[in-house]
Amino acid sequence: MPQVDVSAGFLIPALILMAAALALTAVKVDAALDRGDGEKLFWIGFTGTLTALLAVAWAVAGNPGAGPWVGLAAVAGAAGAGYWVQVRNRRRREDRKRNERGRRIAELERRHDAVLVSWSSYELDDWKALERPGLRDTSRPETKSLMRAMKNAAALRPPETAAADLDEPLLDSYGAAVSELEQAWENAETSSGGGQAA
């Protein structure tokens, strides 16, 4: 009766198991990184690595001559999975940073617009302007400071199309300009006199 070498039959299933373990581990590690779950990250990495090593051992035990090739496949698969996780994690961090920057810009623009709306209510309504006559008097230091702060904030306000790409120093400058504008508006409004609207 001829003997059949069944050891080669272990190689393909073992390699499939190893590839599946590496791929599934990469996906689960990526999900754990997304959630920031450190404990789950450890256990997923540990379990996935152990499964991949057992698959390698199974493949080598079934076909010892394929050891170097199986090892090379394991290293290449692990490197590919690691690279994929790093790329995804880097993109996720960049997206989070861009979203945070967008939220910060939106908040600064909201504050900027709130001052402009408050100021324009006095500037455009003659009856309301009688309540604070000093707001129209550009010879007053507070009103001069307000006009200067408005001009500075408007110059630093990012255009709609470039807001997402605004770098941190420019964003910090715009934030400082908006804070200066709010302070200048408060000073100008409180010191602008108390006339009476008819």
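Each remark here, short or long, concerns the structure printed above.
Residues numbered from 1 in each chain as written. Predicted model: local features only at pLDDT ≥ 70, side-chain atom pairs only at ≥ 80, totals over all residues. Heavy atoms only, no water.

Asker: Hey, could you run me through the packing of helix α3 (residues 67-124) against helix α6 (residues 168-190) in this one?
Answerer: Any two packed helices are characterised by the angle at which their axes cross and by the distance between the axes. One can describe the packing of α3 onto α6 by two numbers: an axis separation of 10 Å at closest approach and a directional angle of 25 degrees. As summarised for this structure, α3 and α6 are arranged roughly parallel, according to the angle between their axes. In the crossing of α3 with α6, the sense of the turn from one axis to the other is left-handed. Counted together, Arg-101, Arg-104, Ile-105, Leu-108, Glu-109, Arg-111, His-112, Val-115, Ser-118, Trp-119 and Tyr-122 of α3 and Glu-168, Leu-171, Asp-172, Tyr-174, Gly-175, Val-178, Ser-179, Leu-181, Glu-182, Trp-185 and Glu-189 of α6 form the full contact between these two elements. Across the contact of α3 with α6, the residue classes break down as 10 nonpolar, four polar and eight charged. (Axes fitted to C-alpha atoms, helices over the stretch in contact; angles between N-to-C directions. Helix = DSSP H or I, 4+ residues; strand = E, 2+ residues; numbered from the N terminus. Parallel < 35°, antiparallel > 145°, perpendicular 65-115°, else oblique. Left-handed = near helix turned anticlockwise from the far one by under 90°. Contact = heavy atoms within 4.5 Å. Nonpolar A, V, L, I, M, F, W, Y, C, P; charged D, E, K, R; others polar.)

Asker: What is the right way to look at the packing of helix α1 (residues 11-35) against α3 in this model?
Answerer: Two numbers describe how α1 lies on α3: the axes approach to 10 Å, and their chain directions differ by 20 degrees. One way to sum up the angle between α1 and α3 is to call them roughly parallel. Two packed elements cross with a definite hand, and for α1 against α3 that hand is right-handed. Contacts between α1 and α3 involve Leu-11, Leu-15, Met-18, Leu-22, Ala-26, Val-27, Val-29, Asp-30, Leu-33 and Asp-34 from the first element and Val-70, Ala-73, Ala-74, Gly-77, Ala-78, Ala-81, Trp-84, Val-85, Arg-88, Asn-89, Arg-92 and Arg-96 from the second.

Asker: Explain α1 to me, please; I cannot follow it from the model alone.
Answerer: Because the α-helix completes a turn every 3.6 residues, residues three or four places apart line up on one side. The first and last C-alpha atoms of α1 sit 36 Å apart over 25 residues, in line with the 36 Å expected at 1.5 Å per residue. Taken residue by residue, α1 has Leu-11, Ala-14, Met-18, Ala-21, Leu-22, Thr-25, Ala-26, Val-29, Asp-30 and Ala-32 as its buried positions. For α1, the elements touching its buried residues are α2 (38-62) and α3. Immediately downstream of α1, the backbone of Gly-36 shows phi near 70 degrees, a positive value. (Expected span 1.5 Å × (residues − 1). Buried < 20%, exposed > 50% of the residue type's maximum accessible area, 1.4 Å probe, protein only.)

Asker: Sorry if this is basic, but what is going on with the layout of surface pockets here?
Answerer: Rolling a probe over the atoms, with the probe sized like a water molecule, indicates the empty space that remains. In this structure, the largest pocket encloses a volume near 290 Å³. Considering the residues around the largest pocket, the lining is formed by 15 residues, among which Leu-22, Thr-25, Thr-49, Ala-78 and Ala-81 are closest to the centre. Residue assignment for the lining of the largest pocket shows that the elements contributing at least two residues are α1, α2 and α3. Ranked by residues supplied to the lining of the largest pocket, first place goes to α2 with six residues. (1 Å grid on protein atoms, 1.4 Å probe; cavity = no way out; pocket = protein on both sides within 12 Å on 5 of 7 lines; lining within 4 Å. Points joined across faces, edges and corners; volume = space filled by probe spheres on them.)

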